[in-house]
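Geometric and topological summary
Okay, here's what each chain looks like letter by letter:
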Amino acid sequence: MNRNEKRFSERRERYTHIFTSAHHRDQIMLNVSALMNFIQIPLDMMMRWRYVSLLVFLLLNLNFTSGDHDVRPNFLLIMVDDLGIGDIGCYGNDTIRTPNIDKLAKDGVKLTHHLSAAPLCTPSRTAFMTGRYALRSGLGSTGRVQVILFLGGSGGLPPHEITFAKLLQKQGYNTGIVGKWHLGVNCENRNDLCHHPINHGFNFFYGLPFTNFNDCKPGEESDVLVDVQQRLWEIFCVVALAFLTTFIIRALGLMEVSVILLIVLFILSLLVFSVWYVPFKHLRTWNCIIMRNSEVVEQPMNLQTLNKRLMSEAEQFVERNRDGPFLLFFSLVHVHTPLFVSESFSGKSKHGLYGDNVEEVDWMVGQMVKTIERLELTNKTMMYFTSDHGGHIEDSDAGGQKGGWNGVYRGGKAMGGWEGGIRVPGIFHWPGRLTAGKEISEPTSLMDVYPTLVKLAGGEPPHDRILDGHDLMPLLEGQSSRSQHEFMFHYCGMYLNAVRWHPADSDSVFKVHYFTPKFSPPGAIGCYDIKICMCHRDYVTYHDPPLMFDLSRDPSESHRLTPDTEPRYTEVLERVKSAVTEHRKTLKPAEKQLTWANVLWNPLLQPCCGYFPFCSCSEDHMTSAQTS
């Protein structure tokens, strides 16, 4: 190396260090000025070009080195399960205490027209993770099975989908998820983990690969294909009775009966019993498990200590990655039924066990805020709070309502496009970057989180597929006053249920419904007879012309618009029809993940600790979390 090259190398190292360690834009520009002065030193042409190249490189990377305002943030995403928008103080509830969530909104930005992409867990979370409507990933339903029902099924989030976690992982983020997944585990064997979080961009996973449901809590009635269970039991009883009757007739010599017939009836009764008993009467063992990364650590899970463990794992993940950047998706198990609560919150609210659950959620949010503050990461961390969809209003028992309250909005969980099932809280908190106390009433979506995170992390969204979300930062920072969502499409399973139009020349938000679920019994505001609404055939009512509402004037969807009451009635129908036509051109065939073949239990795919079928283990609750 000659003298000039050595001098260039030393100065390159010196100025690279200056640029990457600077904390303010003015200091950066002073360093640029100094570098320009050095370029004036007489050098040969080759050395001069090297200096210029170094300057260009540093300027191009200025965005990530020019102070706290531009440094890539950490991300803490908190999603509650089945939380109604009306359950939180800052969204209108004055009886359930949520001071920590309320403060997050007071110190951040509150979205009042924030929407999930589906009214059920699996499709909503698919859209959240991918920034795309769930049917693009094959996770829209055509029949009664609308979510993943068994961990031992082969359906789930396809391996070729690109989650925001995958893109942040490529940008050097340490990514983790603590809590609920519910997007599948295996495809072809119990160890391939093709749908598992670790194959979708997460370095660390601790929690429920499935979800919390009635079979997870001893003493609760089953809520998985109850009618199928009943039919199988009835078939078993008939076949078993036929076997016993035939056996008795032969034993008493009343009639000549073939031994082969007895064997066939015995085998058939045993087979039907097994199909009923093995998958359905052991659902707590098969579905209610805890995994740490790829290992099953508890089967079945202990609900009494679950929240404490999830809280601890989330805090420790942040502490381990305090030097950042990190992404933590804290996916809470609350407030999905069956309801359970830690002892310290039991009986403390004015709304029974459900209120206790919401207040424990608020405490957990507060604990995460305290952890971020204690580690002095407040200004470096964007926090986001939401729910995967609206509250489940049909879920009740003799003790009363067990689901959430969706405020003024009509409907709830699983009710297609009705607002109560898809209007969710949305709070962004990032001191120093986002204006405190700001409210935004423009339509936004959970799918918008995807491009927002990716851009802030310095990455680029994939160019080989359609994204349905939009970057929220221009709206959050006040650079734009209008949502980029002119049209939003609301699916019930695979079926287009409703369309929302926010005209560029108006504050109105029109919404048309092509069909609505049939509520039962007559006069009810939910599907109480079947506990959850369906999207197909006899379970819906089709509307021609579609039902039309203006949500800006009628958020509860109580007053149907007509040509006599809305001057733009015909225009709305025409514009929406045109938008639907264009939207459908973007849809491509996707392998259906929620077929019966993909969702029913397959013992070869069942995650298990120990030797299958003797799957049983309990986590040592005192063991500290492993490093990610």
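Residues numbered from 1 in each chain as written. Predicted model: local features only at pLDDT ≥ 70, side-chain atom pairs only at ≥ 80, totals over all residues. Heavy atoms only, no water.

In this section: the pattern of salt bridges. If you walk through the whole model with that rule in mind, you get 33 salt bridges. Glu439 is paired through a salt bridge with Lys110; the nearest N and O atoms lie 3.2 Å apart. Remark: Lys110 occurs in strand β2 (residues 109-115) and Glu439 occurs in strand β12 (residues 438-440); sequence separation between them is 329 residues. Under the relative-accessibility criterion, Lys110 is labelled buried at 10%. For Arg465, the salt bridge goes to Asp464, with nearest N and O atoms at 2.9 Å. When its relative accessible area of 55% is taken as the criterion, Asp464 is described as exposed. Among the charged side chains, a salt-bridge network with shared partners connects Arg292, Glu298, Arg309, Glu313 and Glu619. (Salt bridge = Lys/Arg side-chain N within 4 Å of Asp/Glu carboxyl O. Helix = DSSP H or I, 4+ residues; strand = E, 2+ residues; numbered from the N terminus. Buried < 20%, exposed > 50% of the residue type's maximum accessible area, 1.4 Å probe, protein only.)

Mean pLDDT over the chain stands at 89; residues scoring 70 or higher make up 87%. Scored below 50 in pLDDT, residues 5-43 makes 59 contacts in the model with residues more than four places away or belonging to other chains. Every residue in residues 62-70 scores below 50 in pLDDT, and together they form 24 contacts with partners more than four places removed in sequence or on other chains. (pLDDT = per-residue confidence, 0-100. Contact = heavy atoms within 4.5 Å.)

Once that is clear, we can look at the packing of aromatic side chains. For the coordinates displayed, the defined rule picks out 29 aromatic pairs. An aromatic cluster is defined as three or more aromatic residues linked by ring pairs; in this entry it consists of Phe128, Phe164, Phe329, Tyr384, Phe428 and Tyr450. The ring of Phe204 carries the charged tip of Arg320 above its face, separated from the ring centre by 5.0 Å. Its end group placed over the ring of Trp418, Arg410 keeps NZ or CZ at 4.2 Å from the ring centre. (Phe/Tyr/Trp six-rings, centres within 6.5 Å; stacked < 30°, edge-to-face > 60°. Lys NZ or Arg CZ within 6 Å of the ring centre and 35° of its normal.)

The next thing to look at is the sheet that holds strand β17 (residues 540-550). Strands sit in the order β14-β15-β16-β17 across an open sheet of 4 strands; the sheet is antiparallel. Taken across any chain shown, the strands that pair with only one partner, and hence form the sheet edges, are β14 (487-492) and β17. Strand-to-strand twist across the sheet, computed as the mean angle between neighbouring axes with direction ignored, equals 20°. Both strand β16 (residues 510-517) and β17 contribute to a ladder of 7 bridges, which runs antiparallel. (Pairing = 2+ DSSP bridges. Axes fitted to C-alpha atoms, helices over the stretch in contact; angles between N-to-C directions.)

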